[in-house]
Amino acid sequence: MARGSLLIRGGTVIDPASDFWGKRDVYICGNTFADPADGEKADAEEIIEADGCLVMPGLIDNHTHCFYGGSELGFIPDPSLLPMGVTAAVDQGSAGIANCDSFMQMVVNHSQVRVFCNLHVSPTGLITERYPENVDPQNYSLERLKELFQQYAGRIVGLKVRQGQEMVGEFGLAPLRAAVNLAGELGCRVTVHTANPPCDVAELLSLLRPGDVFCHCYHGRGSTILDQQGKVRKEVRKARENGVLFDTADARIHHSYPVIQAALADGFFPDIISTDVTRASLFGDMVFGLPAIMTKYLSLGLSLPNVVKACTAAPAELIGMSGKLGTLAPGAFADVAIFQLTNTPFLFKNRLGETFLGDQLLIPKMTILNGKIMFRQIDFSCHR
Ligand SMILES: [Zn+2]
């Protein structure tokens, strides 16, 4: 019997990074996936019966706010995300250069969930929603950012900037311009909040480079990705052709069902599906968590492999962890999410007063992180 070995059998495996969707076993040895001979598999220390379930890589929520203790928006990652099948999360700008150290010490170092971060260009990050952050580019510091990117290499993966009219005011697109310049110096991506922009969306997109992320892509306030006829604008398609990535980051107010439905009908699918979950929206009926947002997009007509890819392989690439996270391939870290897909109706709401009745739900059954079972629904089978 191989010590620390674990066999998940009987489930339907979805691993978009390996282009796989079908029945197969998943075998874990220590903290990575392995592909041993059949005899060895039968000898696994622990066997998980996943009949009737979907077995996928541990989910990566590319847009969260989890600076608990340092931001009013922040929740504690482990008890909030592990029961949702989320094993890695990216915090989007809760911290900036002024409070990055405390984010690392209080949250990142004390979480089992693999927490990555995009540092806000504004020094204090997003410590409250009661008033907007100070976006004046005069306060940004390339020198300090460089130090922090070095000190926390692998954990800080990019920059965040918010380009809503309510934050930028008279600064217009200056914060984004400055952020893109800094990112050029640092060699990283910029993720830009685009809801209610101070300009035409085409102008904003023209500043983004290949690999930058346009988040809240289906928002419905101000200039959106749609034209007057409800078709996806040619500048938006052009940006995608140039390598700009589109992330849903739905939140409570940063998505609009008519926009989502028109964009999907026009064949414009998201590259990344994420929540923008905060302490206020966690477990609520507008966001709840990543499995709920995933089933929302399934109910809206996206295919299962597309949805899973947008929450595994695609964000893994963004954080520089392709082949290590977001896949079940041998050699990758053994993070797994097991779900049952049920035909349960769920009424989604948002802060625009819109509703959408989903017809499916992904019910989390088990979460494995680094080869260890971190969450198990009490009715889910496993024997040791
Ligand atoms: Zn956010």
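Here, every reference points to the structure presented above.
Residues numbered from 1 in each chain as written. Predicted model: local features only at pLDDT ≥ 70, side-chain atom pairs only at ≥ 80, totals over all residues. Heavy atoms only, no water.

## What about helix α9 (residues 257-265)?
Taken together, the buried positions of α9 are Y257, V259, I260, A263 and L264. The buried residues of α9 occupy one face: seen down the axis, they fall within an arc of 160°. Of the surrounding secondary structure, the elements contacted by the buried residues of α9 are α10 (290-299), β16 (346-349) and β17 (355-358). Once α9 ends, the next one or two residues include G267, with phi positive near 80°. (Buried < 20%, exposed > 50% of the residue type's maximum accessible area, 1.4 Å probe, protein only. Helix = DSSP H or I, 4+ residues; strand = E, 2+ residues; numbered from the N terminus. Arc of directions from axis to C-beta. Contact = heavy atoms within 4.5 Å.)

## Details of the packing of helix α4 (residues 142-151) against helix α6 (residues 174-186)
Their axes nearest at 11 Å, the elements α4 and α6 cross at an angle of 45°. Of the possible angle classes, the one that applies to α4 and α6 is oblique. For the pair α4 and α6, the crossing hand works out as right-handed. Between α4 and α6, the contacting residues are L142, L145, K146 and F149 on the first element and L182, E185 and L186 on the second. Of the residues contributing to the contact of α4 with α6, the split by class is five nonpolar, no polar and two charged. (Axes fitted to C-alpha atoms, helices over the stretch in contact; angles between N-to-C directions. Parallel < 35°, antiparallel > 145°, perpendicular 65-115°, else oblique. Left-handed = near helix turned anticlockwise from the far one by under 90°. Nonpolar A, V, L, I, M, F, W, Y, C, P; charged D, E, K, R; others polar.)

## Some points on the coordination of the zinc ion
Note on the zinc ion: its protein donors are H63 (NE2), H65 (NE2) and D276 (OD). The metal-donor distances range over 2.0 to 2.2 Å. The sequence pattern formed by the donor residues of the zinc ion is H-x1-H-x210-D. Here H65 is found in the loop between β8 (59-64) and α2 (77-81), whereas its partner D276 is found in the loop between α9 and α10, with 211 residues between them in sequence. In this structure, H65 and D276 share a single accessibility class: buried. (Donors = N, O, S within 2.8 Å, 3.2 Å for Na, K, Ca; no water.)

## Notes on the environment of F346
As for its placement among the helices and strands, F346 is situated in strand β16. Each C-alpha atom of the pair F346 and P315 lies 26 Å from the other, and the pair is 31 residues apart in sequence. Not counting residues within four places of it along the chain, the set of residues in contact with F346 comprises D285, F356, L357, G358 and L361.

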